[in-house]
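Structural overview for review
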Amino acid sequence: MTHWAGAYIGEEWVNGQNDCWHFFRKVQREHFGREVPVVDVNALSVLSCAQAIDKHEERSNWVVVQSPQEGDAVLMGKGKHPTHIGVWTDVDGGSVLHSLEHAGVCRQKLAALKRDGWSTIIYYRHT
């Protein structure tokens, strides 16, 4: 049986339409029945992304967890502050489905994320 995440692989990244946050919202709505609000952020600005993730009121609806489950949020950063978001999938022993500017939607295991420089990885679950 094919995992639902496979249908998204290869979708184009589009700032303000299918960037990481908009893609995360779409997956939460379509597969987990959660309406996650729009965050007005310029996905091309690392600073704008970091500030939006840190200060947005939606963050209060999610709690940090140590072991991710299907549908959990995965916040990532190439420094100490998260600047990117994806969705945890239980496929192939666990991986992150996310939308990247130069790659579009892809699914990566943790080892691949770390090789790509994502040194900060934090899991959040909707409360």
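Here the structure is a predicted model, which means the values were calculated and not measured.

Within the open sheet, the 6 strands sit side by side as β1-β6-β2-β3-β4-β5. Their pairing is antiparallel. Among the strands making up the open sheet, the edge pair consists of β1 (62-65) and β5 (104-108). The average angle at which neighbouring strand axes cross in this sheet is 35°, direction not considered. Pairing of strand β2 (residues 73-77) with strand β6 (residues 120-126), which is carried by 5 bridges, proceeds in the antiparallel orientation. By the bridge assignment for β6, Leu75 is matched with Ile122. Sheet strands in contact with helix α1 (residues 20-32) are β1, β2, β3 (84-89), β4 (95-100) and β5, and its direction is about 30° off that of β3.

When you tally the buried positions in β4, you get 6 out of 6 residues, the bulk of the element. Covered by surrounding structure in β4 are Ser95, Leu97 and Ser99 together with Val96, His98 and Leu100, the residues of both alternating faces. Across 3 bridges, the pairing between β3 and β4 is antiparallel. If you follow Trp88 over to β4, its bridge partner there is Val96. Linking two consecutive strands that pair antiparallel, namely β3 and β4, is a turn of 5 residues; a positive phi of about 55° is found at Asp92 within it. Inspection of the sheet shows β4 paired to β5 by 5 bridges, in the antiparallel sense. By the bridge assignment, Val96 is partnered in β5 with Gln108. The hairpin formed by β4 and β5 contains 3 residues between the paired strands.

On to the pairing of β2, then. Most of β2 is tucked away, with 5 of its 5 residues classed as buried. Burial along β2 is two-sided: Ala73, Leu75 and Gly77 facing one way and Val74 and Met76 facing the other are all buried. With 4 bridges joining them, β2 and β3 adopt antiparallel strand pairing. The residue of β3 that forms the bridge with Ala73 is Val87. Turn length for the β2-β3 hairpin, with the two strands adjacent in sequence and antiparallel, is 6 residues.

Scanning the entire structure with this criterion turns up 3 salt bridges. One salt bridge connects Glu11 with Lys26, and the closest N-O pair in it is separated by 2.7 Å. On the criterion of sequence distance, the pair formed by Glu11 in the segment before α1 and Lys26 in helix α1 is long-range, its members being 15 residues apart. Here Arg125 and Asp72 are joined by a salt bridge, their closest N and O atoms 2.8 Å apart. With Arg125 in strand β6 and Asp72 in the loop between β1 and β2, this residue pair connects regions lying 53 residues apart in the sequence. With a relative accessible area of 21%, Arg125 lands in the partly exposed category. With relative accessibility at 3%, the residue Asp72 sits in the buried group.

Rules used in this analysis
Residues numbered from 1 in each chain as written. Predicted model: local features only at pLDDT ≥ 70, side-chain atom pairs only at ≥ 80, totals over all residues. Heavy atoms only, no water. Pairing = 2+ DSSP bridges. Helix = DSSP H or I, 4+ residues; strand = E, 2+ residues; numbered from the N terminus. Axes fitted to C-alpha atoms, helices over the stretch in contact; angles between N-to-C directions. Contact = heavy atoms within 4.5 Å. Buried < 20%, exposed > 50% of the residue type's maximum accessible area, 1.4 Å probe, protein only. Salt bridge = Lys/Arg side-chain N within 4 Å of Asp/Glu carboxyl O.

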